[in-house]
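Next come the chains, spelled out residue by residue.
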Amino acid sequence: MHRLSGLIVLALIVLGVPTARAADATKMTIGTGVDPSLGQFYVAKEAGIFERNGLDVTLNLGPSGSAMIGYLIGDQLNAALGAEQAGIQAHNLDGNVAIVGESCALPHFFGLVARNVPDLPALKGKKVGVDSGSSSQSFWLAIVKKLNLNPKDYQIVQVEPPEMVAALERGDIDAFVAWEPWVTRALEGVSNTKNLQDNAGIIEPRDYVWMNRGWIAKNRAAAEAFLKSMVEATAYLQEHQHEAAGLISKLLKLDPKLTETLMGKVQYRMQLTDDSLAHMKEIEAQLKETGKLTKPVDWTTMFEPGLLKATRPAAVTLETPK
């Protein structure tokens, strides 16, 4: 009986059976990138979780989650899911851009992929594709610092992740720094490629959910419903990985088996802790060291924990930042 009830609940989630009339749903526009680590947005949309929580959500996909965070300025988007650097810079431009939840950690999700380069020492003097302002750059800077490399030994070329594989195959670059699925796509689709360095032991990137405080203030009930959807989508990812992989692979047009394999490299969670803050301070230090920090971060306004606390109080252990 319990198993049957669970299957019925799962079926209702997958079919997206609404609990609120469509006419009463609050419209939202959200944005993120195109990789399985950003699963909460995909699953909440494809499994009907947003709809069941009274939201009519349009999901926009860009070249990366980081590329979408800037659209929170001026309320071009109501929520974005992406990495650290872009969020810090957006927050420094508009203090209303704030973190409402940490969505995942990525201990084995990044790689430095090179073609016709046997090892890291042989990469000197080569062209390396890096997406400035995203976690691609965060990983590259961490490699340089952790392995004591001289950044002047490498020619850095600005390339967005979706273009990196093609650029590597054409010979426009000799290597690139990115995350999945671009790492696996290059290794499987481009001859003579090798992952010279993954992020294990170098840095553990995170993704965060970002929103605009001004929009939250005007739409508090909808904002809380959105965070409730994020919590439910996270639980779905944790408890029904195979079904979630099917939804994500269909949306992103990825092979289902590859999608599920990549999802196994992601630690999905929805939380705000002191470690969430500590990690962001590490990224701020990276930006400062490279002269890319526009101004010191005001940590007292970076986080907006109330929405998550209203839905899942135990997930918020963050002390008030100072």
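Structure first, text after, so check above.
Residues numbered from 1 in each chain as written. Predicted model: local features only at pLDDT ≥ 70, side-chain atom pairs only at ≥ 80, totals over all residues. Heavy atoms only, no water.

1. Comments concerning the pairing of strand β7 (residues 155–158)
Sheet topology places strand β6 (residues 127–130) next to β7; 4 bridges connect them, and they run parallel. From the neighbouring strand, G129 faces β7, where its bridge partner is V157. Where the polypeptide runs from β6 across helix α6 (residues 135–146) and back to β7, its parallel neighbour, the crossover connection is right-handed. (Pairing = 2+ DSSP bridges. Helix = DSSP H or I, 4+ residues; strand = E, 2+ residues; numbered from the N terminus. Right-handed = clockwise from strand over helix to strand, strands pointing away.)

2. Topic: unusual backbone geometry
The linkage connecting E180 with the following residue, P181, adopts the cis geometry, with an omega of 10 degrees. One non-glycine residue, N192, lies in positive phi territory at about 60 degrees. Position of N192 relative to the elements: it lies in the loop between α8 (182–189) and β9 (193–198). Given a relative accessible area of 56%, N192 falls into the exposed group. (Buried < 20%, exposed > 50% of the residue type's maximum accessible area, 1.4 Å probe, protein only.)

3. Considering helix α7 (residues 161–170)
Within α7, the full set of buried residues consists of P161, M164, V165, A167 and L168. Of the surrounding secondary structure, the elements contacted by the buried residues of α7 are β5 (110–115), β6, α6, β8 (175–179), α8 and β9. Two residues or fewer past α7, G171 is found with a positive phi of approximately 90 degrees. (Contact = heavy atoms within 4.5 Å.)

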